[in-house]
Amino acid sequence: MQQRPPRIFSADDILAGRVSLDGYPFRYIYITPSLSSVMSGRSGFRLKTGNNGPPDQMLSAVEFLEGRGWEVVTVDISAHVTCMRRIARPA
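It should be emphasised that the depicted structure is a prediction, and the values quoted were computed from it without experimental measurement.

Section: the sheet that holds strand β1 (residues 8–10)
The strands making up a sheet are joined through hydrogen bonds of the backbone, oriented either antiparallel or parallel.
Okay, so step 1: The four strands lie next to each other as β1-β2-β4-β3, forming an open sheet whose pairing is mixed. Two strands in the sheet have a free side with no partner beyond their single neighbour: β1 and β3 (70–75). Averaged over neighbouring strand pairs, the angle between their axes works out to 35° when direction is ignored.

In structure tokens:
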């Protein structure tokens, strides 16, 4: 039996090119910040200095995927999970 592909992807893996969603078989995915990003941001976000940690990393990955045929469905209030869907292509 073939292993089912994951639906949850780390923003760091997307931005570093370790994950390619070209040809991904499902329409919906979750994007999360990397664990290292979450751990380094425990002291809080520094909005004035631009050091936004996990939300910045996650939204950078989201913007990258938007250029590749994905769109945001929702972002959770804590900015730790974004749900995205592949834009349906006309038949």
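What follows picks up the thread again.
A few points about the pattern of salt bridges
Okay, so step 1: One pass over the structure, following the stated rule, counts three salt bridges.
Okay, so step 2: Residue Asp-13 pairs with Arg-18 through a salt bridge whose shortest N-O separation is 2.8 Å.
Okay, so step 3: Residue classification places Arg-18 among the exposed positions, given a relative accessible area of 52%.
Okay, so step 4: Each of the salt bridges in this network shares a partner with another, and the network as a whole consists of Asp-12, Asp-13 and Arg-18.

Let's talk about the nonpolar core
Okay, so step 1: Phe-9, Leu-21, Ile-29, Ile-31, Leu-65, Trp-70 and Met-84 are the most contacted members of the largest nonpolar core, which has 14 residues in total.
Okay, so step 2: Elements represented by at least two residues in this core include exactly α1 (11–15), β2 (28–32) and α3 (53–66).
Okay, so step 3: Among the elements that take part in this core, α3 stands out by supplying four residues, more than any other.
Okay, so step 4: Setting aside anything within four residues of it in sequence, one finds Trp-70 in contact with Leu-21, Tyr-24, Phe-26, Arg-27, Ile-29, Leu-65, Met-84, Arg-85, Arg-86 and Ile-87.

What counts, and at which threshold
Counting restarts for each chain, with residues numbered from 1 along the sequence as it is written. Only residues with pLDDT of at least 70 get local features here, since the model is predicted, and only at 80 or more are side-chain atom pairs given and counted; chain-wide, interface and lining totals rely on the full set of residues. Side-chain numbers here rest on the full set of heavy atoms in the structure, without hydrogens or water. Note on pairing: two strands pair once DSSP finds at least 2 bridges between them. Helix and strand assignments follow DSSP, with helices taken as H or I runs no shorter than four residues and strands as E runs no shorter than two, numbered in order from the N terminus. The axes are straight lines fitted to the C-alpha atoms, using for helices just the contacting stretch, and the angles between their N-to-C directions are given from 0 to 180°. Criterion for a salt bridge: a side-chain nitrogen of Lys or Arg within 4 Å of a carboxyl oxygen of Asp or Glu. Burial classes: relative accessible area under 20% of the type maximum marks a residue as buried, over 50% as exposed, and values in between as partly exposed (1.4 Å probe, protein chains only). Take the buried Ala, Val, Leu, Ile, Met, Phe, Trp, Tyr and Cys residues and link them wherever side-chain atoms come within 4.5 Å; each set so joined is a nonpolar core. We call two residues in contact whenever any of their non-hydrogen atoms come within 4.5 Å of each other.

Purely geometric numbers; function is a separate question.
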